[in-house]
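# What the coordinates show
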Amino acid sequence: MTLHLLICRLFKIEYGYMILSIVGCIVGGPTASLTAAAANWKSLIDSGLILGVLAGAVGIAVAYFTKFLVGG
């Protein structure tokens, strides 16, 4: 999480995108969309859902890649 915050700070990513990416990675897309709706970030509701779906897809890909490397 600290690395994520440092990278966001380094690339000057807006606060809303940073929060939605954290929520999307940890909890999922629907919760990230709800977070955007609750904060009245109307333009970020769709982005939160997409970030959550992409985070899930990347997580599954990493899991399969790790399984491949371990040989299981």
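Residues numbered from 1 in each chain as written. Predicted model: local features only at pLDDT ≥ 70, side-chain atom pairs only at ≥ 80, totals over all residues. Heavy atoms only, no water.

### What to know about the overall build of the protein
- A count of helices and strands for the protein gives 4 helices and 0 strands.
- Of the regular secondary structure in the protein, the N- to C-terminal order runs α-α-α-α.
- Counting only C-alpha atoms and orienting by the principal axes, one finds that the protein spans roughly 45 × 25 × 15 Å.
- Carbon and sulfur atoms provide 72% of the accessible area of the protein, an area that totals close to 5400 Å². (Helix = DSSP H or I, 4+ residues; strand = E, 2+ residues; numbered from the N terminus. Areas by Shrake-Rupley, 256 points an atom, 1.4 Å probe, with all protein chains shown as cover.)

### A look at the packing of helix α3 (residues 29-38) against helix α4 (residues 45-70)
- Running from N to C, α3 and α4 point in directions that differ by 155°, and their axes come no closer than 7 Å. As the angle between them shows, α3 and α4 are arranged roughly antiparallel. With respect to the hand of their crossing, α3 and α4 are arranged in right-handed fashion. Taking contact as the criterion, the partners of Gly29, Pro30, Ala32, Ser33, Ala36 and Ala37 in α3 are, on α4, Ile45, Gly48, Leu49, Gly52 and Val53.
- Of the residues contributing to the contact of α3 with α4, the split by class is 7 nonpolar, 4 polar and no charged. (Axes fitted to C-alpha atoms, helices over the stretch in contact; angles between N-to-C directions. Parallel < 35°, antiparallel > 145°, perpendicular 65-115°, else oblique. Left-handed = near helix turned anticlockwise from the far one by under 90°. Contact = heavy atoms within 4.5 Å. Nonpolar A, V, L, I, M, F, W, Y, C, P; charged D, E, K, R; others polar.)

### Looking at a nonpolar patch on the surface
- Together, Leu3, Ile7, Leu10, Phe11, Ile13 and Tyr17 line one region of the surface with nonpolar side chains, adding up to about 630 Å² of accessible area.
- Here the nonpolar patch takes 3 residues from helix α1 (residues 2-10), the largest share from any one element.
- Looking at the element boundaries, Phe11 is found in the loop between α1 and α2 (15-26). (Patch = residues over 30% accessible without salt bridge, like charges linked within 9 Å, V, L, I, M, F, W, Y side chains within 5 Å. Salt bridge = Lys/Arg side-chain N within 4 Å of Asp/Glu carboxyl O.)

### Observations regarding the environment of Leu6
- Of note, Leu6 is situated in helix α1.
- As a C-alpha pair, Leu6 and Leu20 span 14 residues in sequence and 16 Å in three-dimensional space.

### Things to note about the side chain of Ser33
- As for its placement among the helices and strands, Ser33 is situated in helix α3.
- Among the residues examined, Ser33 registers a relative accessible area of 11% and is labelled buried.
- When near neighbours in sequence (up to four residues on either side) are disregarded, Ser33 contacts Ile45, Gly48 and Leu49. (Buried < 20%, exposed > 50% of the residue type's maximum accessible area, 1.4 Å probe, protein only.)

### Comments concerning the confidence of the model for the protein
- Averaged over every residue, the pLDDT of the protein is 87; residues scoring 70 or more account for 99%.
- Summarising per-element confidence for the protein, the mean pLDDT is lowest in α2 (85) and highest in α3 (89). (pLDDT = per-residue confidence, 0-100.)

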